[in-house]
Amino acid sequence: MKKRILSLALTLAMALSLATPALAVGEADLLLPESENDYLFTTTQAEEPNPYAAFVEQFYVQYTQEHPEEQAAFDPHAWWQENIGEYWDSETEYIDHMVEWGEWDSADQFGQMMWQYYLSDQATEAWRAQEVEAYRAAHPGELEALTLEQLLAWQGYTETLTPIMQFIQDSYYDFEGESQVLPYLLWDYVSDRNYTLTNHEEFLTYQAQYPDRWAEFDADAFFEEEHGSWSRQSKAEYMDYYHLFTEEEFVEKMFVDYVNYYSWQWDYDDDYDYDWEYDYDSSWNSGKPLRLVVNGQVMEDAVISAEDGWSYIAPATVNAILDSHYVDEGELLPLRATMESEGWDVGWNEYENAIFLVDTAAAKARISESLTALDEIVAWAMEHTDVESGKSYKTTETLDVTLTTLNSLDGDTDYKLQVTLDMLQKDNTLELTVKVNAADVLELLGDDILELAAGELPQLSLSDLPTLMKGLEFNAIADLDAGNFYWNVPVLAAFDDTVTADTWYGASLGMGLDEMLQASLGMDSEALLSNLSGLMADYIYEEQLLSDSARWWSSPEDAWEEFDSLVSVFGAIMGPDRVKRSGGALTWKVDTKTINDLFAQISGEDLAPFKSYELSYVMRDNGTFTADMDLRPDFQAMMKNAFDSYYDPYFSYSLMGILSGRLLNLFDFQITAHSSGSMDKATGTMEYHQKNAFKLKLDTEMTRTEVKDGPALTPPEGAPVEMVMDLGTALLFTPAL
C-alpha cells in the first residue's frame, strides 16, 4: 500500500491549477417552509444515514421559519461578494459553474445556497450544543459540576499564558474569543464520555471472547510499554486527557486497545501453524509451480510448459485468452511467438516462476484515456498561443510578493518583495531579464546576521546591503535552434572579487533542441507536446507495468495492481470525466470528494487526507481562461492513518493526542489561487497561509505585445563569457519507450 499511496501523492502534486469548493448536503426528512416564496432546501441521496447532515438540514429550515426578518434582510449577492467573490470574475460565472457541474439544479438556487452557507457555522454550533444537552439530560448534575478551569486542566492547560488564552492559541479551531471555548470543551468532554460508554460495551465483548488474555492482562504494564515510552504522558495525564475518571475505565480502555492491536496476530496463529525456524531455500522460485498471469490475473486452468528456456501454450488456452480459433492438432504452440503475433507482450519473472501476458493496445489505451484532460489542455494552449513565425513579442510580468508574519502579541508585520520580468521572444530564441527589489527581506534577518553576511562579502559593507537587495538582477539568453544558453548574475561580483558584474556564463548542447529530440525520440518539440500523453503512456507501460512485473521484489499480479492504481489516479485527475465542454468553454475540474475517495479506494482504508482539494481550469474558445485553486491538507487524518497503518491503533491514539495539540497546528496550511485573462494579458493572485505563523501573498500581472526588435543570440559585445558546459552529442539518449 505504501508505494501506491506514494505514487498517488506524487501524481496529485503534479496537478496544474484549480477550482472552487462546492457544498454537498446529506439527506434528511424535513418540514418545508409553508410559503412558496421561502427558500426551499434540496438534498442529495446519501449512502448511509447521517445524523449530523439531517440535523443541519432541519436547522436551516427551522432557523428560516423562526427568523423571517433576518432572512428578508439577507443580501445573498453582498454575502457572495464578501466571502466568495474574490475567487471568481463574476457572480454569473460562479452560478454557471455550479449549475454546469451539477452542484446546483438551477441558477434559481443562488439565494438559497448563500443563505445556507451563511448559516453553516451556526448549524455546527447548534449540533454540538444539542449533543451536550442530550448528555446533560442523561446525566443530571454532572456537567453543572464542571468548571472551565477544570476542563482546561484536563487538556493540560495550567501555565504560561492564562490557560484559556494558551488553549485558544494552540487549538486547531479558529476561536474568535473566550466565549466559544466553554461550549467546545463541554462538547469535547461529552464526546469522550460517550466514547467511554461505547468502549465499555466493546470491553465486555472482548472479555468474553478472549478470557485467557483477560486473565493475564496487566493494564499498567501495557500502558507503560505501549504509551508511556512514546507519549511522554503519565498515567494520570493520559486519564485526564481522555476524561477517564476511574481505574476501571482506564483498564477497560487499555484492554480494548490491546485486543484491537494484537487480535489479528492471535487469530492468524490459530489458523496457521507455521514453523518459523524453517530454513528457506535460497532459490527464490524453488518449489513454485509455473504460472500464467494474463493482464494481472492468474489463469488457473492454463495449459503451459517451459523447457530449456522456451515456453509453450495449448491452443485451447490461447483461444480462451484471445477468443480466437487456433486448431488443436495435439501439439503445444510456441508461447512468445504466438502471443506477440497477436499484439501481446510476453514477459518472465524468474523469482515467481511466472510467465505474464499483457494486451499491449488495451493497456496503453487505458493510460491514454486517463490522460484525456491533459490532451485537451495542451491542445487548447497550443491553439491559443497566438504567436506568428518570424515575429518578435515582448512579455512583461510584475510580481508583488507580501510576506505577513502573524503575531498576536506585537501585531502583524508585512514585508514586500517586487519582481519584474521582461522577455523578448522570436520563434525558438528568447532573451530574459529579471529584476528583484528584496530590501524589505533584510528586516527579517536582524543586524547581527547582516553584519556577519557583510563580513563575507569582499566588495560590500553593511550599508551597501540595502542598495544591493533593491537592485538584484538576472539575465539569460536561450537559442534553442543552436542549443546555446547564456546567463548573467551581477550580484555574484559581491561574493567573488575575480568576477565582474558583466560576466556571462554559457552552456552548449552541441545541437538544437528539435535536432536533439528528433535524434532521441523521433519527433520535434511541437510533436512532443502534441503527443505528450502518448509518450507518458509508453513510459508508464514500460516502466510501471512490464519492468515491475519482472522484478525480484514484485510479481506480475502486484505490478498490475500498481499499474491499475496509477491509471486510476490519472483518471481521477485527468480522465474524460474531469473535462466538460459547454457554451464555448472547456472546463477541467478536480474536487475534494474525488481526491479523498481516490485515496480511500487505493489505500483500502478510511482515509480523507484533504480538507480541501479544489482545482478548476476554464478555457474558452475566445482564448481567455480562468483558473482557481483551494488546497488544504488534513495533517491530523494523514498522521493518524499513518500510525494506524504502520504501527498500531492504541499507539496512534496517545501520540495523535499530543501531535494534534502541540505539533500538527504548526504544519496546517492552505493555498488559494485565482488567475484569469488570455495569453496576451492576464492577472492572478495566490496566497499561502501557514496557520498562526505567516501568510505569503503573490499578485501577478502579465502583458504581451508584438515588437520590432528581436532577442539577442549572444551576450553583449565585449562582455567576458565563461563556458561552463559544452556537451556536444554526449547529451543524446534513447529512453526506454
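Just so it is clear, the structure is predicted and the values come from calculations on it, not from any experiment.

Novice: Which residues make up the overall build of the protein chain, and what values go with them?
Specialist: Per the secondary structure count, the protein chain includes 27 helices and 21 strands. A burial count over the protein chain gives 41% of its 737 residues as buried. Sequence-distant contacts, at least 24 apart, represent 62% of the contacts inside the protein chain between residues at least 6 apart. On the protein chain, roughly 39,800 Å² of surface is accessible, and the fraction owed to carbon and sulfur atoms is 52%.

Novice: Summarise the confidence of the model for the protein chain; cite the residues concerned and give the values.
Specialist: For the protein chain, the average pLDDT comes to 79, and 80% of its residues sit at 70 or higher. Ignoring residues within four places in sequence, the model shows residues 646–659, a span with pLDDT below 50, making 45 contacts including any to other chains. Scored below 50 in pLDDT, residues 728–737 shows 21 contacts in the model against residues more than four places distant or in partner chains.

Novice: Would you mind going over the sheet that holds strand β5 (residues 333–334) in detail, with residue names and values included?
Specialist: Strand order in the open sheet made by the 3 strands is β3-β4-β5, with antiparallel pairing throughout. The outermost strands of the open sheet, each flanked by one partner alone, are β3 (304–307) and β5. Pairing between β3 and strand β4 (residues 310–313): 4 bridges, direction antiparallel. The residue of β4 that forms the bridge with I304 is I313. Seen against the sheet, helix α14 (residues 315–322) touches β4 and β5 and runs at an angle of roughly 75° to β4.

Novice: I'd like a description of the packing of aromatic side chains, backed by residues and values.
Specialist: As enumerated under the stated definition, the model contains 39 aromatic pairs in all. Ring centres of F255 and Y258 lie 6.1 Å apart, and the angle between their planes is 40°; on these two criteria the pair is classed as tilted. Residue F255 and its partner Y258 are both found in helix α13 (residues 247–271); the two are separated by 3 residues, about one turn of the helix. What makes F255 buried here is its relative accessible area of 0%. A relative accessible area of 13% means that Y258 is categorised as buried. What links up through ring pairs into an aromatic cluster is the set F203, W214, F217, F222, F255, Y258, Y261 and Y262. Over the face of the ring belonging to Y393 we find R704, whose NZ or CZ atom lies 5.7 Å from the ring centre.

Novice: A description of the pattern of salt bridges should follow, citing residues and the corresponding values.
Specialist: As enumerated under the stated definition, the model contains 21 salt bridges in all. D564 is paired through a salt bridge with R366; the nearest N and O atoms lie 2.8 Å apart. Here the residue D564 occupies a position in helix α24 (residues 556–574), and R366 occupies one in helix α16 (residues 360–370), the gap between them amounting to 198 residues. Among the salt bridges present, the one from E388 reaches K391, with a minimum N-O distance of 3.2 Å. Exposure remark for K391: the relative accessible area of 29% places this residue in the partly exposed category. Residues participating in the shared-partner salt-bridge network are K288, R291, E352 and E557.

Novice: Give a description of α14 that names residues and reports values.
Specialist: Residues of α14 that are buried: P315, T317, V318, N319 and I321. The elements touched by buried residues of α14 are β1 (291–294), β4, β5, α15 (335–341), β6 (344–349) and β7 (354–359). With its phi angle positive at about 55°, D323 sits one or two positions after the end of α14.

Novice: Account for the pairing of strand β8 (residues 392–405), with residues named and values stated.
Specialist: As paired elements, β8 and strand β9 (residues 413–426) share 14 bridges and run antiparallel to each other. In the sheet register, K394 faces β9, and the bridge partner there is L424. Pairing geometry for β8 and strand β20 (residues 694–707), over 14 bridges, is antiparallel. By the bridge assignment, T395 is partnered in β20 with R704.

Novice: I'd like a rundown of the nonpolar core, residues and numbers included.
Specialist: Formed by 50 residues in total, the largest nonpolar core has its most connected members in V358, I367, F563, W588 and Y617. If you tally residues by element for this core, the top one is α24, at 9 residues. One finds F59, Y63, M113 and W127 within the second-largest nonpolar core, a separate group that totals 22 residues.

Novice: Talk me through helix α17 (residues 372–383); I want residue IDs and the actual numbers.
Specialist: An α-helix turns once every 3.6 residues. As a result, residues three or four positions apart point the same way. When the terminal C-alpha atoms of α17 are compared, their 17 Å separation across 12 residues agrees well with the 16 Å that a helix rising 1.5 Å per residue should span. Among all positions in α17, only A373, L374, I377, V378 and W380 are buried. In a view along the axis of α17, the buried residues occupy a sector of 160°, so they form one face of it.

Novice: Please give an account of the sheet that holds strand β2 (residues 297–298) that cites residues and values.
Specialist: Here we have 4 strands laid out as an open sheet, ordered β2-β1-β7-β6, and mixed in their pairing. Every interior strand has two partners, whereas the edge strands, β2 and β6, have only one. Pairing analysis gives 2 bridges linking β1 to β2, with the strands arranged antiparallel. Within β2, the residue paired with V294 across the bridge is Q297. Sheet contacts for α14: β1, β6 and β7; angle to β1, the most-contacted strand, approximately 20°. The sheet strands contacting helix α23 (residues 532–549) are β6 and β7, and the helix crosses β7 at an angle near 155°.

Novice: Talk me through a nonpolar patch on the surface; I want residue IDs and the actual numbers.
Specialist: On the surface, L444, L445 and I449 cluster together into a nonpolar patch covering about 240 Å² of accessible area. With respect to the secondary-structure elements, L444 resides in helix α18 (residues 442–445).

Novice: Can you lay out the packing of helix α5 (residues 91–100) against helix α6 (residues 110–138) for me, pointing to particular residues and giving the numbers?
Specialist: Viewed as axis vectors pointing N to C, α5 and α6 meet at an angle of 90°, and their least axial separation amounts to 12 Å. As the angle between them shows, α5 and α6 are arranged roughly perpendicular. Of the residues in α6, those touching α5 at E91, Y94, I95 and M98 are F110, M114 and Y117. The class makeup of the residues in the contact of α5 with α6 is 6 nonpolar, no polar and 1 charged.

Novice: So what's going on with the environment of I595? Which residues, and what values?
Specialist: By secondary structure assignment, the location of I595 is in helix α25 (residues 592–603). Judged by its relative accessible area of 0%, I595 is buried.

Novice: Tell me about the packing of α6 against helix α9 (residues 181–209), and name the residues and values.
Specialist: The contact between α6 and α9 brings their axes to 9 Å, and the two run at 55°. When the axes of α6 and α9 are compared, the pair comes out oblique. In this structure, α6 meets α9 at a crossing whose hand is left-handed. Along its contact with α6, which presents R128, E131, V132 and Y135, the element α9 presents Y184, L186, W187, Y189, V190, R193 and N194.

Novice: Now, about the pairing of β20: what can you tell me, with residues and values included?
Specialist: By the bridge criterion, 10 bridges tie strand β19 (residues 681–690) to β20 in an arrangement that is antiparallel. Across the sheet, the residue bridging to T685 is D699, located in β20. Counted along the chain from β19 to the antiparallel partner β20, the turn is 3 residues long, and its residue N692 has a positive phi close to 60°.

Novice: Tell me about the environment of I304, and please be specific about residues and values.
Specialist: Considering the arrangement of structural elements, one finds I304 in strand β3. By relative accessible area, I304 is classed as buried at 17%. Counting along the chain gives 31 residues from I304 to L335, while the straight-line C-alpha distance between them is 8.2 Å. Here I304 is in contact with L290, R291, L292, Y312, I313, L335 and I355, once residues within four sequence places are set aside.

Novice: Quick rundown of the side chain of N199? Include the residues and the values.
Specialist: Along the chain, N199 falls in helix α9. Those residues in contact with N199, other than ones at most four positions away along the chain, are E252, K253 and V256.

The rules we used
- Residues numbered from 1 in each chain as written.
- Predicted model: local features only at pLDDT ≥ 70, side-chain atom pairs only at ≥ 80, totals over all residues.
- Heavy atoms only, no water.
- Helix = DSSP H or I, 4+ residues; strand = E, 2+ residues; numbered from the N terminus.
- Buried < 20%, exposed > 50% of the residue type's maximum accessible area, 1.4 Å probe, protein only.
- Contact = heavy atoms within 4.5 Å.
- Areas by Shrake-Rupley, 256 points an atom, 1.4 Å probe, with all protein chains shown as cover.
- pLDDT = per-residue confidence, 0-100.
- Pairing = 2+ DSSP bridges.
- Axes fitted to C-alpha atoms, helices over the stretch in contact; angles between N-to-C directions.
- Phe/Tyr/Trp six-rings, centres within 6.5 Å; stacked < 30°, edge-to-face > 60°.
- Lys NZ or Arg CZ within 6 Å of the ring centre and 35° of its normal.
- Salt bridge = Lys/Arg side-chain N within 4 Å of Asp/Glu carboxyl O.
- Core = buried A, V, L, I, M, F, W, Y, C linked by side-chain atoms within 4.5 Å.
- Expected span 1.5 Å × (residues − 1).
- Arc of directions from axis to C-beta.
- Patch = residues over 30% accessible without salt bridge, like charges linked within 9 Å, V, L, I, M, F, W, Y side chains within 5 Å.
- Parallel < 35°, antiparallel > 145°, perpendicular 65-115°, else oblique.
- Nonpolar A, V, L, I, M, F, W, Y, C, P; charged D, E, K, R; others polar.
- Left-handed = near helix turned anticlockwise from the far one by under 90°.

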